[in-house]
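Coordinates in review
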Amino acid sequence: EGKHNHVLICSRFPIEEGSIHAPPISSAALSSALHIAAPSLNLEILGLRMPAYKQSSLRRQYWEWIQTEAPKALGRPFMIIGDLNTDRSYSRAKCGDRLGQLVEAGWIHGQTLEGASYWDSKGKQLSIDHAFVSPHFKIIESRYISQFSGVTFVGRKKEFLSDHAILCVDFEPR
C-alpha cells in the first residue's frame, strides 16, 4: 500500500540493500525498515520508522522484532537509527523500557544532551528518534536539529518539512 510512510537512506558512498526486512505484523510495518550496507565504510545501517500503533500489542511485536535482530548485528560495525516512537519517559506498556534494554545488551545509545525530536499535541517535548551503534564505534555527539540558517523546518503544521527534528549523530570507529 502506498499510503504508509517509508524509510529513505541516502549516501554519498556506494550502498547496497541488506537482508533485514521489516516484520510482517501490519501493512504499516512493511515499509518501516530499510537495511543497507556501505562496504567502503565497513558499516551497515538499519533505518527504522515504527508506525504510531494505537494497539500496544503491535508496538510490542515491533520491538520484539528489533530485539531479535539487534543481537545478530551487534558483532558487526552496525547502526540502528530512526523514529522508534518510544521515549524513555513512556511506560513499560508503551515500550519505554526497551531503549535501556538495547543498552544492556551492548548497544551504545547516541543520546542527545538537549532538545527533543517531537512535540506531541499538548506541546510535550519527546525524544522518540534514536540511534544505537555497535561497540565498533564511539559516539562523538548526538543532537536534534530543527532549524538551520534561521529557518525552522519542524512543526505540526503542513507548511513544515516534518513533524520530527533531524537526528544527527557524529561517530567514529574505535
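Below, the structure is looked at part by part. One numbering rule holds for all chains: residues counted from 1, following each sequence as written. Reporting of local features is limited, given that this is a predicted model, to residues whose pLDDT is at least 70; pairs of side-chain atoms are given and counted only at 80 or more, and all residues count toward the totals for whole chains, interfaces and linings. Note that water and hydrogens are dropped before the side-chain values are worked out from all heavy atoms of the structure.

Topic: the sheet that holds strand S5 (residues 108–109)
- Pairing between strands is defined by DSSP: at least two bridges between them are needed. Strands here mean DSSP runs of E at least two residues long; helices mean DSSP runs of H or I at least four residues long; both are numbered from the N terminus. Taken in spatial order, the six strands line up as S1-S2-S3-S4-S8-S5 in an open sheet, and their pairing is mixed. Only two strands of the sheet have a single neighbouring strand rather than two, namely strand S1 (16–17) and S5.
- It only takes one pair of heavy atoms within 4.5 Å for two residues to be counted as in contact. To define axes, lines are fitted to C-alpha atoms, for helices over the stretch in contact only, and angles between the resulting N-to-C directions are given on a 0 to 180 degree scale. Across the face of the sheet, helix H1 (residues 56–73) comes into contact with strand S2 (33–38), strand S3 (43–49) and strand S4 (78–83) while running at roughly 175° to S3.

Details of the packing of aromatic side chains
- Only Phe, Tyr and Trp rings take part, Trp by its six-membered ring, and two of them pair if their centres are within 6.5 Å. Stacked means planes under 30 degrees apart, edge-to-face means over 60, and tilted covers everything else. If you walk through the whole model with that rule in mind, you get three aromatic pairs.
- Ring geometry for tyrosine 62 against tryptophan 65: centres 5.5 Å apart, planes inclined by 65°, an arrangement best described as edge-to-face. Of this pair, tyrosine 62 and tryptophan 65 both sit in helix H1, three residues apart, roughly one helical turn. Both residues of the pair, tyrosine 62 and tryptophan 65, belong to the buried class.
- Ring centres 6.1 Å apart and planes at 75° place the aromatic pair phenylalanine 78 and tryptophan 107 in the edge-to-face group. Burial classes follow relative accessibility: with a 1.4 Å probe on protein chains only, a residue under 20% of its type's maximum area counts as buried, one over 50% as exposed, and anything between as partly exposed.

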